[in-house]
Amino acid sequence: MSKVTFEITAQNFDEQVLRSALPVLVDFWAEWCPPCKMLAPYVDAIAAKYQGRLSVGKVDVDTFPQITEWYDVYGFPTLMVFQNGQPVQRMLGFQPQGRIETQLIPYLQPLVTEY
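How each quantity is defined
Residues numbered from 1 in each chain as written. Predicted model: local features only at pLDDT ≥ 70, side-chain atom pairs only at ≥ 80, totals over all residues. Heavy atoms only, no water. Helix = DSSP H or I, 4+ residues; strand = E, 2+ residues; numbered from the N terminus. Rg over C-alpha atoms; globule rule 2.2 N^0.38 Å. Buried < 20%, exposed > 50% of the residue type's maximum accessible area, 1.4 Å probe, protein only. Contact = heavy atoms within 4.5 Å. Lys, Arg positive; Asp, Glu negative; His and termini not counted. Charge placed at Lys NZ, Arg CZ, Asp CG, Glu CD. Core = buried A, V, L, I, M, F, W, Y, C linked by side-chain atoms within 4.5 Å.

A. Layout of the overall build of the chain. Helix and strand content of the chain: four helices and five strands. Ordering the α and β elements of the chain from the N terminus gives β-α-β-α-β-α-β-β-α. Against the 2.2 N^0.38 benchmark of 13 Å for 115 residues, the chain shows a C-alpha radius of gyration of 13 Å, consistent with a compact globule. Overall, the C-alpha framework of the chain stretches about 45 × 30 × 25 Å when taken along its three principal axes. Counting the 115 residues in the chain, one finds 43% classified as buried. Within the chain, residue pairs in contact and separated by at least 24 positions form 69% of the contacts whose partners lie at least 6 positions apart. Where the 8 positive side-chain charges of the chain centre and where its 12 negative ones centre are 8 Å apart.

B. Highlighting the nonpolar core. I8, V26 and F28 are the most contacted members of the largest nonpolar core, which has 19 residues in total. Of all the elements in the fold, those that place two or more residues in this core are α1 (13–18), β2 (24–29) and β4 (78–83). Setting aside anything within four residues of it in sequence, one finds I8 in contact with F13, V17, V26, G57, K58, V59, F64 and I67. Of all hydrophobic cores here, the second largest spans 15 residues; its members include L25, L39, L54 and L79.

Okay, here's the thing in structure tokens:
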């Protein structure tokens, strides 16, 4: 995990994803999946770029297969956006960072600046 992403487990899924105040981008990945490894730097870059507007977590599908079953995720990598406890966007397979960001824009929290 990078410093701007977090590991999603069966134990923290409800709190970290379903009850999150921010939209959550969930990366369903596997160690044996070459496209997942290619996508990982893009996911980390998105997490850093939209920090404070989007949370980004990663599910190791081999360690937590029950989470993939809950949301019918059978191809990897799969990215899902959760907002207000509901999945609102699904992106299957490797995609360029720009395409992922374009699909995320409607769900991003406005950036709050304090004076």
